[in-house]
Amino acid sequence: MENTKFIYLSGQDIVDLGGCDMKAALEDVEEALKLVHLGECIVPEKTAMGFGKTIADEAVKGRINAMPGYLGGKFDVAGIKWIGSNPLNMSRGLPRASAMTILNDPDTKFPVCVMNGADISAVRTGASSGVAAKYLARKNAETILLVGAGYQNQMQLEAIYAARPSLKYFYVVDIVKEAAERFCAVMGEKLGIKIIPLTSYSECDRIPDITVNATSAPVPVMDIAAAHSGNLHICVGGLDHPDLYKKADKIVCDSWYQVRHRPVCYMAQDANSGKFDESKIYANEIGEIICGKKKGRTSEEEFCYYKPVGMGVLDLAIAVRVYKKALELGKGTILNI
């Protein structure tokens, strides 16, 4: 039977088939975020299997997350993202994260594709921030400062720069000077820009229009100084100053429901303990803004705070595009169930 076969796509297949095309990913993710808000998706709660007894333990022992979902609209696909992450992998010469994505036919429920999901996960995370920058950053934003010189901030920079080509001044902060310098060399060459390496937020000689925290540190690394007029701050991973989100004129999430379910940020922890009134969130889903039900940035002076948690359906949006391209070109390895 034909439906007992599926294709496997390797990491190289994903690259060859456009899985790392950031401009295409921005379109995929924006449409998926729109569908999430319109209710044309099934987005179960993320299952996070943290190793250790506390969230802080994960910074040492890592985690494995299961993120299933169904994405409707033009995508019409079901699937699951299975992603493991351990910060100590880098000392072993391994990437921090590894992932597999499975696509299922939404009718028969049979799997149709199993693919390496690591690059798709990284690109999707960057693209989500790129969409946020499109709607929440100043129109003529010129300066971006990224905290954390890891692979994820490479994707953040690529996506946000694609969404806001007005950017002219680029800074990356990392307590490991050599890591910041490597980041500048790699991404400077890739994007054709000059990036300044810093070891502290306070070293930045310009006021950023966009700041990004993408770290694995178990302690706060984002300075409260980021809460200034006109800034868009994106908390991708790691901890901000505990009071940073409280300074925002507008708080927007990819999905507040999912953020609160996975309480790894102070805002979610405070909400769950009754210390934060969630009615103060401007948009529980950025899809509200994408669909035009709410406005994004409405003044140059607003401090906007974006908190994405990541949803498997966003990965599926990119993955199904790659899968369809593989079918069109006859790529991939055919396997039997």
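Note that the structure is predicted; figures quoted are calculated from it, not measured. (Residues numbered from 1 in each chain as written. Predicted model: local features only at pLDDT ≥ 70, side-chain atom pairs only at ≥ 80, totals over all residues. Heavy atoms only, no water.)

Summing up its helical and strand segments, the chain has 10 helices and 17 strands in all. By the compact-globule yardstick of 20 Å for 337 residues, the chain fits well, its C-alpha radius of gyration being 19 Å. In terms of its C-alpha atoms, the chain occupies a principal-axis envelope of roughly 65 × 45 × 45 Å. Going through the 337 residues of the chain one by one, you find that 50% of them count as buried. Relative to all contacts within the chain whose residues are 6 or more apart in sequence, the contacts with residues 24 or more apart total 69%. Split by element, the accessible area of the chain, about 15,000 Å² in all, is 53% carbon and sulfur. Considering the chain, the positive charge centre built from 39 side chains and the negative charge centre built from 40 side chains are found 1 Å apart. (Helix = DSSP H or I, 4+ residues; strand = E, 2+ residues; numbered from the N terminus. Rg over C-alpha atoms; globule rule 2.2 N^0.38 Å. Buried < 20%, exposed > 50% of the residue type's maximum accessible area, 1.4 Å probe, protein only. Contact = heavy atoms within 4.5 Å. Areas by Shrake-Rupley, 256 points an atom, 1.4 Å probe, with all protein chains shown as cover. Lys, Arg positive; Asp, Glu negative; His and termini not counted. Charge placed at Lys NZ, Arg CZ, Asp CG, Glu CD.)

Bringing unusual backbone geometry into the picture now. Note: most residues except glycine have negative phi, and most peptide bonds are trans. Phi is positive for Asp76, which is not a glycine, with a value near 45°. Tracing the backbone through its elements, the reader meets Asp76 in the loop between strand 4 (63-71) and strand 5 (77-85). The phi torsion at Lys109 lies on the positive side, around 75°, for a residue other than glycine. Mapped onto the elements of the fold, Lys109 is located in the loop between strand 6 (97-104) and strand 7 (111-116).

For Asp270, the location among the structural elements is in helix 8 (residues 266-272). Although buried, Asp270 forms no salt bridge, and the nearest oppositely charged side chain, Lys246, lies 4.3 Å from it. Aside from chain neighbours lying at most four places away, what touches Asp270 is Tyr245, Lys246, Lys275 and Phe276. (Salt bridge = Lys/Arg side-chain N within 4 Å of Asp/Glu carboxyl O.)

Spatial relationships are all this shows, so hold off on functional conclusions.
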